[in-house]
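Take a look at the letters that make up each chain.
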Amino acid sequence: MNDSKIQQIWNSSYADYCGSGSFQSDIQKKASRAIMDCKSGKLGCCISKCTECGHIQIHNNSCRNRNCPNCQAVNKEIWVDKRRAEVIDSPYFHVVFTLPHELNHLIYCNQKLLYSLLHRCCAETLLGLSSDGKYLGATPGIIQVLHTWNQELDYHVHMHCIVSGGGLTHDRKIRKSKNRFFIPVGVLRDKFKGKYLSLLDSMYQKGQIVFSSSCEELRNSYEWKEFKNDLYNKDWCPYIKETFNGFGNAIEYLGRYTHKISISNSRILSVSEKEVTFSARGRKPGDPRREITLDHQEFIRRYLMHVLPHGFQKIRYYGFLNNRTKAENLKLIFKLQGYQKFRRRYTGMSIAELLKAVWDFDITVCPVCGCCSMKPAGRTHAQPC
């Protein structure tokens, strides 16, 4: 029985939301259909039968949509396992870059363009400063994950970056930092702000930016110049969220962010006929958790704001982890280190084996007789639309 609270909200009120005339992109409509269909039987099912007692179990198929709260756990574990074999012997740091809310309307109507710009600016800032001999003098490995929400599900665009405190120098040697982040935050802030606004202005001058009704006035070059100057005067505050002295737990930690969606079922406290109540962190460190209540349609609206454009890669790799040269770089680093500390644990495992290894859940055990005798007995598929 699927008890997804988020699915309850969609089943109860998505038709009303559509009827309200709220605009939805094709990818948002697809995400909504996936949430409603996930594990409902509409996508087909897998059938298992116990060879000892004859008990039959039906497992409804999941949707595998990256916006569905039910479908991220296995993907996250597989991703973390792959990254584990790429960890080097150095400190690791969690750096967060956040864009000012004044940019929200502009970003939302240029999502693919300006999310990609954020990825680019974060990476170029970190790599450019890291290569400077004053700071690290080497190319680190960087994993970046885009998030677009805050605890209230409002639009809040920011980038989580896990940065290795060690990397390859130009002469292909390893250089490592001490157990504190090697770039002063003020330098990081100024470099990032200057780079983002310079490239944003270049896109404006080339006519690449689209303006919705909410930011229509920015078509005027004088308004744009004033808008840009106001952004230059704001204090953009990247910060170092976490420092890892042990180099194994950084990737496990990042796993919290990679396949995370704007809100999980576990944060939803109650769903009534018209409203949903969910928990959120306190506004400041040390404050108690809060309860937030929204009507269903407002909850759906906020949730759908965080559905990324089709094909957009929210996780990207830079430095010695860039996809083109990663294998070669890691081979050299492990050779220079003299060892590879971590290796993948789940390579070649079936889903059944993975469930057993990670969650100690054995799908071959019959819930009736207790024998390890549940065997696949067939499957059905989703009906064509």
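Refer to the structure presented above.
Residues numbered from 1 in each chain as written. Predicted model: local features only at pLDDT ≥ 70, side-chain atom pairs only at ≥ 80, totals over all residues. Heavy atoms only, no water.

Asks: Sorry, what's going on with the packing of helix α1 (residues 5-19) against helix α2 (residues 26-37) here?
Replies: To describe two helices that pack against each other, one gives the angle between their axes and the distance between the axes. The N-to-C vectors of α1 and α2 enclose an angle of 115 degrees; their axes lie 8 Å apart at closest approach. When the axes of α1 and α2 are compared, the pair comes out roughly perpendicular. Crossing handedness for the pair α1 and α2: left-handed. Contacts from Ile 6, Gln 7, Trp 10, Asn 11 and Tyr 14 in α1 reach Lys 29, Ser 32, Ile 35, Met 36 and Asp 37 in α2. For the contact of α1 with α2, the per-class residue count stands at 5 nonpolar, 3 polar and 2 charged. (Axes fitted to C-alpha atoms, helices over the stretch in contact; angles between N-to-C directions. Helix = DSSP H or I, 4+ residues; strand = E, 2+ residues; numbered from the N terminus. Parallel < 35°, antiparallel > 145°, perpendicular 65-115°, else oblique. Left-handed = near helix turned anticlockwise from the far one by under 90°. Contact = heavy atoms within 4.5 Å. Nonpolar A, V, L, I, M, F, W, Y, C, P; charged D, E, K, R; others polar.)

Asks: Could you clarify how one ought to interpret the sheet that holds strand β1 (residues 45-50) in this entry?
Replies: Note on sheets: strands pair through backbone hydrogen bonds, and any given pair is parallel or antiparallel. Across the sheet, which stays open at both edges, the 3 strands sit in the order β2-β1-β12 with antiparallel pairing between neighbours. The sheet is open, and its two borders are formed by β2 (56-60) and β12 (374-379), each paired with just one other strand. Each strand axis lies, on average, 30 degrees off the axis of its neighbour in the sheet, ignoring direction. Across 5 bridges, the pairing between β1 and β2 is antiparallel. Bridge pairing in β2 links Cys 45 to Asn 60. (Pairing = 2+ DSSP bridges.)

Asks: It is not clear to me how the packing of aromatic side chains should be interpreted in this structure. Could you clarify?
Replies: Aromatic ring pairs are reported here in terms of the distance separating the ring centres and the angle at which the planes meet. Applying the stated rule across the entire model yields 17 aromatic pairs. Look at Phe 93 and Phe 182: their rings are 6.0 Å apart centre to centre, the planes differ by 80 degrees, and that puts the pair in the edge-to-face class. You can see Phe 93 sitting in strand β3 (residues 92-98) and its partner Phe 182 sitting in the loop between β6 (174-176) and α6 (185-205), a full 89 residues away along the chain. Look at Phe 182 and you get buried, because its relative accessible area is 10%. A ring pair is formed by Phe 299 and Tyr 303, whose centres lie 6.1 Å apart and whose planes are at 35 degrees; its orientation type is tilted. Taken together, the residues Phe 299 and Tyr 303, both in helix α9 (residues 296-304) and 4 residues apart, mark about one turn of the helix. Each member of the pair, Phe 299 together with Tyr 303, is buried. Site record: aromatic cluster; members linked through ring pairs are Trp 10, Phe 278, Phe 299 and Tyr 303. Over the face of the ring belonging to Phe 312 we find Arg 316, whose NZ or CZ atom lies 4.7 Å from the ring centre. (Phe/Tyr/Trp six-rings, centres within 6.5 Å; stacked < 30°, edge-to-face > 60°. Buried < 20%, exposed > 50% of the residue type's maximum accessible area, 1.4 Å probe, protein only. Lys NZ or Arg CZ within 6 Å of the ring centre and 35° of its normal.)

Asks: Please clarify how the environment of Val 185 should be interpreted in this entry.
Replies: Turning to its location among the elements, Val 185 is positioned in helix α6. Judged by its relative accessible area of 37%, Val 185 is partly exposed. As for Val 185 and Val 95, which are separated by 90 residues in sequence, their C-alpha atoms are 9.8 Å apart. When neighbours within four sequence positions are excluded, Val 185 is seen to be in contact with Pro 238 and Ile 240.

Asks: Teacher, can you tell me more about the pattern of salt bridges here?
Replies: Think of it this way: side chains of opposite charge can pair up when their charged atoms draw near. Applying the stated rule across the entire model yields 20 salt bridges. The residue Glu 86 makes a salt bridge to Lys 326 at a minimum N-O spacing of 3.2 Å. Taken together, the residues Glu 86 in the loop between α3 (73-84) and β3 and Lys 326 in helix α10 (residues 326-337) connect sequence positions 240 residues apart. The salt bridge involving Asp 360 is made with Lys 356; its shortest N-O contact spans 3.0 Å. Classification of Asp 360 as exposed rests on a relative accessible area of 57%. Under the relative-accessibility criterion, Lys 356 is labelled partly exposed at 41%. Residues joined in a network through salt bridges with shared partners are Asp 154, Glu 298, Arg 301 and Arg 302. (Salt bridge = Lys/Arg side-chain N within 4 Å of Asp/Glu carboxyl O.)

Asks: Mind showing me how you'd approach α9 here?
Replies: Residues of α9 that are buried include every one of His 296, Phe 299, Ile 300, Arg 302, Tyr 303 and Leu 304, and no others. Buried-residue contacts for α9 involve α1, α2, α4 (104-108), β8 (268-271), β9 (275-280) and β10 (290-295). If you check the start of α9, you find a side-chain oxygen 3.1 Å away from the backbone N of Gln 297, and it comes from Asp 295. (Polar contact = N/O pair within 3.5 Å; in protein donor to acceptor, adjacent residues only side chain to side chain.)

Asks: Explanation requested: the sheet that holds β10 in the structure shown.
Replies: Taken together, the 3 strands give an open sheet; going across it, the order is β8-β9-β10, and neighbouring strands pair in antiparallel fashion. Looking at the sheet topology across the chains shown, the edges are occupied by β8 and β10. Across this sheet, the average inter-strand angle for adjacent strands is 20 degrees, counted without regard to direction. Bridge count for β8 against β9 is 3 bridges, and the pairing is antiparallel. Bridged to Val 271 within β9 is Val 276. Contacting β8 and β9, α1 crosses the sheet at an angle of about 35 degrees to β8. Running over the sheet, α9 touches β8, β9 and β10 and is turned about 105 degrees from β10.

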